[in-house]
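Read off the chains here:
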Amino acid sequence: MKAPASGPKAMATMAAEEPSEGLRKPAARKPNRTAKSNTSSVAKRPAELPKDALLDLYQTMLLVRRAEQRLSALFADGEIPGFIHLSIGQEAVAAGVCQALAAQDSIASTHRGHGHSLAKGVDLEAFFLEIMGKREGICGGRGGSMHVADMAVGMLGANGIVGAGLSLALGSALAHQLRRERRVVAAFFGDGAMAEGLLHECLNLAALWKLPLLFVCENNGWSEFSPTSRQFAGSLEGLAKTFGIPYRRVDGNDVEAVALAATAAVEVARGGGPQALECMTGRVRGHFEGDPQRYRDAEELAQLPKIDPIPRAAARLRALKVSAAALQELSEKVDRRIEAAVARGRQGTLPDFQEALADVYTRPSTSPRAGV
Ligand SMILES: Cc1ncc(C[n+]2csc(CCOP(=O)(O)OP(=O)(O)O)c2C)c(N)n1
Ligand SMILES: [Mg+2]
């Protein structure tokens, strides 16, 4: 089960044509265990997406990046209650997987779920309102960053419990199957969930019942403050094989590779039967905003700007004859949307404390099957 080799240098050459999209310079510090780029285990592959499809993906990634950069500033300024986990550097996974899904398909997310939400189509203003804790937010301001959910677009929810989204996704996939809807569910999870029994149970049931479920591992090499290699003795490939689930590994910072692999996997899953997709990527920010990352090694952090998925996609678009001016225009359009959403977020009202328990418990059903 050896990962195909390409090495961090090859990844960096693929990535380095344009300056990194807002990645912070790492502080120099003593080296530790995980110096290599986490995407280095994936072989280079030829790009194949048509220009317009790639432009859409680029726009999604940019939207997620700029939204999170703005959230980072709002958080530092005390405008966001609770705390937030950013997916900066991992946008290609959310964009590539969600483009493979239809509007009626669903996703389950993680504590690092802003990109999943936006890529699946959660309204940008309602998203900012929610994270800023406002009543007009997508969940009435009671969920916040780790609980964004929007059934209207098939977003089953971000989730603060590692691996918990997997079981929601499994239930959703079972519902789709029982209703013969030909809908697919994508369950995002981090490499930190690989040691969780829940993942193993979900893989088992999904395989046993041939559910339309795509397991998407965002492998950034870290589980909170520890390298995942110190917590998990196996591999997702090994687990998938155990349960007879087809498995693919891609460079998760190559949005085209993710999109192509996800599209192929979703097509098969829609016909019935789970699929596994492991996206090798890198976590640019701390585990949560404010985490000083003293446990990380400068060499690893220095690789991250070189494999940033956004400049990589921009370079590919330029090669496909998209002008620098067109990319600039797109970037400004994204910024205007973000600023409008922030302004809307600031105008929102704070929820009424009396409503804190609303929607926690299900109302008794009036259907004749109530209580069954
Ligand atoms: C069941 C459970 N155990 C432990 C935690 C504490 N915890 C929060 S995030 C995290 C690590 C998650 O790592 P990973 O799944 O790889 O996601 P990443 O943060 O890298 O995106 C842990 C252990 C938790 N929230 N839930
Ligand atoms: Mg991780």
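## So, the overall build of the protein
1) Next: Of regular secondary structure, the protein possesses 12 helices and seven strands.
2) Next: A separation of at least 24 residues holds for 80% of the contacts in the protein among residues at least 6 apart in sequence.

## Structural notes on helix H5 (residues 124-131)
1) Next: Burial of H5 is extensive: eight of the eight residues sit out of reach of the surface.
2) Next: Within H5, burial applies to Leu-124, Glu-125, Ala-126, Phe-127, Phe-128, Leu-129, Glu-130 and Ile-131.
3) Next: Contacts from the buried residues of H5 go to helix H2 (51-76), helix H4 (114-120) and helix H12 (324-347).
4) Next: Positive phi appears at Gly-133, one or two residues downstream of H5, with a value of about 75°.

## Remarks on the environment of Met-280
1) Next: With respect to the element layout, Met-280 can be found in strand S7 (residues 275-280).
2) Next: Measuring from C-alpha to C-alpha, the distance between Met-280 and Gln-90 comes to 9.2 Å, with 190 residues separating the pair along the chain.

## Focus on the pairing of strand S2 (residues 185-190)
1) Next: S2 sits mainly inside the fold: six of its six residues count as buried.
2) Next: By the alternation rule, side chains of S2 split into Val-185, Ala-187 and Phe-189 and Ala-186, Phe-188 and Gly-190, which are all buried.
3) Next: Where strand S1 (residues 106-108) lies against S2, three bridges are found, and the strand directions are parallel. When the sheet's bridge partners are listed, Ile-107 is paired in S2 with Ala-186.
4) Next: Sheet analysis places S2 next to strand S3 (residues 213-219), joined by six bridges and oriented parallel. By the bridge assignment for S3, Val-185 is matched with Leu-213.
5) Next: Chirality of the crossover, the property in question, places the unit of S2, helix H7 (residues 197-208) and S3 among those that are right-handed.

## Concerning the environment of Ser-87
1) Next: Here Ser-87 is to be found in the loop between H2 and helix H3 (91-99).
2) Next: For Ser-87, a count of 25 C-beta atoms within 10 Å gives the class buried.
3) Next: Expressed as a C-alpha distance, the spacing of Ser-87 and Phe-288, which sit 201 residues apart in the sequence, is 9.8 Å.
4) Next: Leaving out residues up to four positions away in the same chain, Ser-87 has contacts with Glu-68, Ala-94, Arg-112, His-114 and Gly-115.

## Description of the nonpolar core
1) Next: Counting residues in each nonpolar core, the largest one holds 99 residues, and the members touching the most others are Ala-187, Leu-213, Leu-214, Val-216 and Val-258.
2) Next: Residues in contact with Leu-213, not counting those within four places in the same chain, are Ala-169, Leu-170, Ala-173, Val-185, Ala-187, Ala-206, Ala-269 and Pro-274.

## Some words on the packing of H2 against H12
1) Next: Between H2 and H12, the shortest axis-to-axis distance is 10 Å and the interhelical angle comes to 45°. Between H2 and H12, the angle falls in the class oblique. As H2 runs across H12, the sense of the crossing is right-handed. Mapping the contact onto sequence places Gln-59, Leu-62, Leu-63, Arg-66, Ala-67 and Arg-70 in H2 and Leu-330, Ser-331, Val-334, Asp-335, Ile-338 and Val-342 in H12.
2) Next: Of the residues contributing to the contact of H2 with H12, the split by class is seven nonpolar, two polar and three charged.

## Digging into the site of ligand 1
1) Next: Close to ligand 1 lie 15 residues; Arg-112, Val-162, Gly-190, Gly-192 and Ser-223 are nearest.
2) Next: Tallied by class, the residues present in the shell around ligand 1 amount to four nonpolar, seven polar and four charged.

## Regarding helix H9 (residues 255-270)
Think of an α-helix as 3.6 residues a turn; residues three or four steps apart then line up on the same face.
1) Next: The end-to-end C-alpha distance of H9, which contains 16 residues, comes to 22 Å, matching closely the 22 Å that a straight helix rising 1.5 Å per residue would cover.
2) Next: Of the positions making up H9, those classed as buried are Val-255, Glu-256, Ala-257, Val-258, Ala-259, Leu-260, Ala-261, Ala-262, Ala-265, Val-266 and Ala-269.
3) Next: Residues of H9 that are buried make contact with H2, H3, S3, strand S6 (247-251), S7 and helix H11 (309-319).
4) Next: A positive backbone phi angle near 115° is found at Gly-272, which sits one or two residues after H9.

## Section: the environment of Glu-278
1) Next: One can find Glu-278 in strand S7.
2) Next: On the basis of neighbour count, Glu-278 is assigned to the buried category, with 25 C-beta atoms found within 10 Å.
3) Next: The contacts of Glu-278, once residues within four sequence positions are left out, are Cys-217, Asn-219, Leu-236 and Arg-249.

## Here's the deal with the sheet that holds S6
1) Next: If you trace the five strands from one edge of the open sheet to the other, you get S1-S2-S3-S7-S6, paired in parallel fashion. Looking at which strands have only one partner, the edges of the open sheet turn out to be S1 and S6. Between one strand and the next, the sheet's axes are offset by a mean angle of 20°, whatever the strand orientation.
2) Next: On top of the sheet, helix H6 (residues 164-178) reaches S1, S2 and S3; it is set at about 170° to S2, its chief contact.

Rules used throughout
- Residues numbered from 1 in each chain as written.
- Chains lettered and ligands numbered in written order.
- Predicted model: local features only at pLDDT ≥ 70, side-chain atom pairs only at ≥ 80, totals over all residues.
- Helix = DSSP H or I, 4+ residues; strand = E, 2+ residues; numbered from the N terminus.
- Contact = placed C-beta atoms within 7 Å.
- Buried ≥ 20, exposed ≤ 12 C-beta atoms within 10 Å, placed from the backbone.
- Pairing = 2+ DSSP bridges.
- Right-handed = clockwise from strand over helix to strand, strands pointing away.
- Core = buried A, V, L, I, M, F, W, Y, C linked by C-beta atoms within 7 Å.
- Axes fitted to C-alpha atoms, helices over the stretch in contact; angles between N-to-C directions.
- Parallel < 35°, antiparallel > 145°, perpendicular 65-115°, else oblique.
- Left-handed = near helix turned anticlockwise from the far one by under 90°.
- Nonpolar A, V, L, I, M, F, W, Y, C, P; charged D, E, K, R; others polar.
- Near = placed C-beta within 6 Å.
- Expected span 1.5 Å × (residues − 1).

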